Amino acid sequence: MQINPMMPLSRDDLLIWLKSFSDQLSKGTIILDFHEKSLPILHVNNDFLQLTGYRNDALIGQNITVFNGQKTNLDTYNELLYSLTIGVSNNFTILHYEENGSAFWNHIIVHPIRDQQDTIQYLLLTCEDHTTQALNKMLSKLEHEVYAEIDNGDNLQSILTLISEKIENYYIRNVYCTIHLIENQNEIKSVGSHSLPLHIIQQLEIPRISPAICSDTQPVYINELVLPENVTKQFQEHRLNLVNTSWTKPILTPQYQIFGVLTLLHEDNTELKQDDLDYLNRLTLLIQLAVNYAEQKLELRRLAFYDNDTNLPNMQYFQTMLKQWIDTGNEGIIALLHPSEFNNFVDLYGRKAGDKLLHQMVERLQQNPTPDEEFIARFSNSIIIAKKVSLQQLDAYQSRIQTLTIDPYTHNGKRNYITLKTGISYFHNTSVVEDCIHQADIALTKARSINGTNVAFFEEDSNKKLAEEMETFNQLVYGIQNGEFTVHLQPKINIDTLEIEGFEALSRWNSHVLGNVSPAIFIPIAEKSGKIKEIDSLNFKIVLAWLQKRIIEGKRIYPIAINISPDYFYDVHFLSEVEHIFQQFDVPAKYIRFEVTESIELGDFTKAKEILQQLKKIGIESSIDDFGVGFSSLSYLPHLPFSEIKIDRSFINSMKDPGVYAVVQTIIQLAQNIYMRAIAEGIETKEQLIMLKAMGCPAGQGYYFYKPMPLEKIDQLPELQTIY
């Protein structure tokens, strides 16, 4: 709506014209006197009276503070008042209240009106009810915050409490919110509440709704809610406002079965409006989706990070937690506890008896807690403990471990005593997780060589190790400068046809001093020193040179995947270097694929997405390597332009475990759902191949098909002899 701000009229004539103009508008309007300090209301039209429920005589002479209420934002009001005071055109959305106390979001546009001398005489305010738009915006914000908390790993109880808190903060009415989830037997599974304590909620008159198929989804409205005297007293003790009405809305599954209820408790007797009904419907849908998503995330987390037989954290979870402790500067011990009689338990009573023994050991430790934080997990036929403990407290902690052998362990009514072997290593802020665990394992081997219950500590010759790392680094630099690095290729196989469909390029180093150096040794040193970028670049050039040679010779070529380290991926010159290297060779970009680990999305999600999209424009597809070994958020994955997910070999090696099998199957299905291909790494047996084929995995690689081979041996493969 365009209004000419300057009218060729006197002040009195201008007001007459402005009132007439206001009455003809199809939206609520207010006319304020700009010359009075209080900015009194001179006129309101019928649309505004209908919007607010006020009578005309109740508003004339008042100012706009009459529409403010308990939840009106004072900062927004002060900004509005400032614009009115200085006579500036502006627009605001502010929470205002009707005459009956009902709140609504008022969208106000300020129009200063000038007379024939260009002097502001009046302020015309046009008003519209934007409650629906504001509530939709708030729901979107709530949805974002809830899903962010779920991705952060919060439990279901915390999520319900968060939703209750946000509803109380965002909703335009003064309400208390409770969320009840119920089981099949009408048992309450979980209650979410922000302001109201649980013991008060349990005494309120909230309608009982059984978990049955429900065709009536309308809210249950209770007017004049009667609070018992003791409940009223508890409200007052907690300094809570008394409530008079309640709205209870069923939360349904997609099959229209009730699995919970949402209840809003009000201070006043305001009845439901259509905006309220729409809001309640969207809230219950949000809760339904959030609960389903949270439960799925928890189940995926359990499958990935818990041992299926004992329900104890597994080694992947343990390593993740230990790394977090180390990265945040903690120090302590790693203790590997092995019951010497474990194999006897398994031989006598079966595998589940061994699982039960480990679980009972953990239960005893948890019944005898210590002040310092600890994390316990399963480690094969032992349990492993990370403990934040100082060296001065170590003797006391050893005594706690030894108490595990005092009382017998029972199985099927039989009492069995154990002896305990313990290997201990240390961790601090510069430790490497794998090294700490390996050192504890070495100490355990020493303990197992001695009869009876005993403890052994890892003894490290740090000078020798440091000298070896320094020598390796020196030779690595020499090797990069003098062409000692090369590439081996490992074929990737189509699981249905068993034909080669591509290769993975793997870096190899044959040092003139150290001989063949394992990637497990030189890659961590290269990453630590920053030399990994130079190795990645060398690998890229070697692969392109080999492909170009075959193209010139007219021989068949396949796509080749090249590992790119996070350091190189995020290097400011990475994309320009890729394009520069490509310009040196006449090889189509479609024959190159970059593999990056899932940790790149945690470095800088936005930057990672931008780089991957630029690579795709060049023509280079990308794969996410070693998927499943990190601790990243699954919510990021569908938004990154990967074309492949490579399942880490640790999962493939353990597929006989039902929990791991379920994780692998979930990853394959996840890849299909987001239009990516799953590639299994480390296939070593026919049994693994059969299992993967049954799960629908399209491709894989591993020693069952081919080991990594030098380029000259790859040239001799029958599939690569074809000339085009």
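Residues numbered from 1 in each chain as written. Predicted model: local features only at pLDDT ≥ 70, side-chain atom pairs only at ≥ 80, totals over all residues. Heavy atoms only, no water.

**Student:** What is the right way to look at the overall build of the chain in this model?
**Tutor:** Of the regular secondary structure elements, the chain holds 25 helices and 27 strands. Whereas a compact globule of 724 residues would reach a radius of gyration of roughly 27 Å, the chain reaches 35 Å, over 25% beyond that. A principal-axis box enclosing the C-alpha atoms of the chain has dimensions of 100 × 75 × 55 Å. Within the span of the chain, comprising 724 residues, buried residues form 49% of the whole. Looking at the chain as shown, the accessible area adds up to about 35400 Å², and 49% of this sits on carbon and sulfur atoms. (Helix = DSSP H or I, 4+ residues; strand = E, 2+ residues; numbered from the N terminus. Rg over C-alpha atoms; globule rule 2.2 N^0.38 Å. Buried < 20%, exposed > 50% of the residue type's maximum accessible area, 1.4 Å probe, protein only. Areas by Shrake-Rupley, 256 points an atom, 1.4 Å probe, with all protein chains shown as cover.)

**Student:** I tried to follow the pattern of salt bridges on my own but got confused; where do I start?
**Tutor:** Inspection of the entire model under this criterion finds 22 salt bridges. Via salt bridges that share partners, E504, E595, K646 and E681 belong to a single interconnected network. (Salt bridge = Lys/Arg side-chain N within 4 Å of Asp/Glu carboxyl O.)

**Student:** What exactly am I supposed to notice about the sheet that holds strand β13 (residues 382-387) here?
**Tutor:** Within a beta sheet, neighbouring strands are joined by backbone hydrogen bonds and run either parallel or antiparallel to one another. Judged by pairing direction, the sheet is mixed, and its 5 strands sit side by side in the order β12-β13-β11-β16-β17 without closing on themselves. Edge positions in the open sheet fall to β12 (374-379) and β17 (454-457), since each of these has one partner strand only. Strand-to-strand, the axes of this sheet are offset by a mean angle of 20°, without reference to chain direction. Bridging between strand β11 (residues 332-339) and strand β16 (residues 420-427) involves 8 bridges; their strand directions are antiparallel. Looking at the pairing, H338 lines up with K421 of β16. Here helix α12 (residues 351-367) sits on the sheet and contacts β11, β12, β13 and β16; the angle it forms with β13, its principal contact strand, is near 25°. Along the sheet, helix α14 (residues 433-448) makes contact with β11, β12, β13, β16 and β17, crossing β16 at roughly 150°. (Pairing = 2+ DSSP bridges. Axes fitted to C-alpha atoms, helices over the stretch in contact; angles between N-to-C directions. Contact = heavy atoms within 4.5 Å.)

**Student:** Quick question: what am I supposed to make of the side chain of T422 here?
**Tutor:** Relative to the helices and strands, T422 resides in strand β16. T422 has contacts with A335, L336, L337, I401, L444, A447, N454, V455 and A456, leaving out every residue within four places of it along the chain.

**Student:** Just to check I follow, could you spell out the packing of helix α5 (residues 131-151) against helix α6 (residues 156-170) for this structure?
**Tutor:** The description of two helices packed together rests on the angle between their axes and the distance between the axes. Contact geometry for α5 and α6: axes closest at 10 Å, N-to-C directions at 155°. Our classification of the angle between α5 and α6 gives roughly antiparallel. Helix-helix and strand crossings are classified by hand; for α5 and α6 the assignment is right-handed. Residue-level contacts link M138, K141, L142, E145, V146, E149 and I150 of α5 to I159, L162, I163, K166, I167 and Y170 of α6. (Parallel < 35°, antiparallel > 145°, perpendicular 65-115°, else oblique. Left-handed = near helix turned anticlockwise from the far one by under 90°.)

**Student:** What's the story with the pairing of β11 in this structure? I'm lost.
**Tutor:** Side-chain direction in a regular strand flips from residue to residue, so the side chains alternate between the two faces of the sheet. The element β11 is extensively covered by neighbouring structure, given that 8 of its 8 residues are classed as buried. Sheet analysis places β11 next to β13, joined by 5 bridges and oriented antiparallel. Counted as the bridge partner of I334 is A386 from β13.

**Student:** Can you help me understand unusual backbone geometry in this one?
**Tutor:** As a rule of thumb, non-glycine residues mostly have phi less than zero, and peptide bonds are mostly trans rather than cis. Of note, L39 is a non-glycine position whose phi angle comes to about 50°, a positive value. Note on placement: L39 falls in the loop between β1 (28-33) and β2 (41-44). Even without being a glycine, L498 presents a positive backbone phi close to 60°. Summarising the element assignment, L498 is placed in the loop between β18 (485-494) and β19 (500-511).

**Student:** When you look at the side chain of D715 in this model, what are you seeing that I'm missing?
**Tutor:** Within the secondary structure, D715 sits in helix α25 (residues 711-715). Of the polar contacts made by the side chain of D715, one reaches the side chain of W546; its length is 3.2 Å. (Polar contact = N/O pair within 3.5 Å; in protein donor to acceptor, adjacent residues only side chain to side chain.)

**Student:** What is the right way to read the sheet that holds β2 from this model?
**Tutor:** The antiparallel open sheet is built from 5 strands, whose spatial order is β2-β1-β5-β4-β3. In the strand order of this sheet, the two ends are held by β2 and β3 (90-97), each with one partner. Neighbour-to-neighbour, the strand axes of the sheet open up by a mean angle of 30°, direction not taken into account. Inspection of the sheet shows β1 paired to β2 by 3 bridges, in the antiparallel sense. Of the residues in β2, the one forming a bridge with I30 is V44. Where α5 meets the sheet, its contacts fall on β4 (103-114) and β5 (120-129), and the angle it forms with β4 comes to roughly 120°.

**Student:** Help me understand helix α13 (residues 394-402), please; the structure alone is not making it clear to me.
**Tutor:** Inspection of α13 places L394, Y397, Q398, R400 and I401 among the buried residues, and these make up the whole buried set. The buried residues of α13 all sit within an arc of 155° when viewed along its axis, so they share a single face. Exposed positions of α13 whose direction lies more than 90 degrees from the buried face are D395 and A396. For α13, the secondary structure elements touched by its buried residues are β11, α12, β12, β13, β16 and β17. (Arc of directions from axis to C-beta.)

**Student:** It is not clear to me how the packing of aromatic side chains should be interpreted in this structure. Could you clarify?
**Tutor:** Here the distance between the centres and the angle between the planes together describe a pair of aromatic rings. Counted under the stated rule, the structure contains 23 aromatic pairs. When the centroid spacing of 5.5 Å and the interplanar angle of 70° are considered together, the rings of Y306 and Y317 count as edge-to-face. Taken together, the residues span a long stretch of sequence, with Y306 in the loop between α9 (274-305) and α10 (315-327) and Y317 in helix α10 at a distance of 11 residues. The class of Y317 is buried, set by a relative accessible area of 8%. Among the aromatic residues, those joined into a cluster by ring pairs are F540, Y568, F569, Y570, F574, F582 and F594. Of note, R364 hangs over the ring of Y409, and the distance from its end group to the ring centre comes to 3.7 Å. One cation-aromatic arrangement involves K388 over W325; the distance from NZ or CZ to the ring centre is 4.6 Å. (Phe/Tyr/Trp six-rings, centres within 6.5 Å; stacked < 30°, edge-to-face > 60°. Lys NZ or Arg CZ within 6 Å of the ring centre and 35° of its normal.)

**Student:** Help me out: how do you make sense of the environment of M470 in this one?
**Tutor:** Secondary-structure assignment places M470 in helix α15 (residues 462-481). Taking the relative accessible area as the measure of exposure, M470 reaches 47% and is therefore partly exposed. Through-space distance from the C-alpha of M470 to that of T178 is 61 Å; in sequence the pair is 292 residues apart.

**Student:** Help me out: how do you make sense of the nonpolar core in this one?
**Tutor:** Across soluble globular proteins, nonpolar side chains have a tendency to be buried as a group. By size, the foremost hydrophobic cluster in this structure holds 91 residues, and its most contacted members are F318, I592, F594 and L692. F318 has contacts with I334, F375, A377, I384, I385, A386 and I437, leaving out every residue within four places of it along the chain. W105, I159, I179 and Y279 belong to the second-largest nonpolar core, a separate cluster that totals 38 residues. (Core = buried A, V, L, I, M, F, W, Y, C linked by side-chain atoms within 4.5 Å.)

Shape descriptors only; they carry no functional weight alone.
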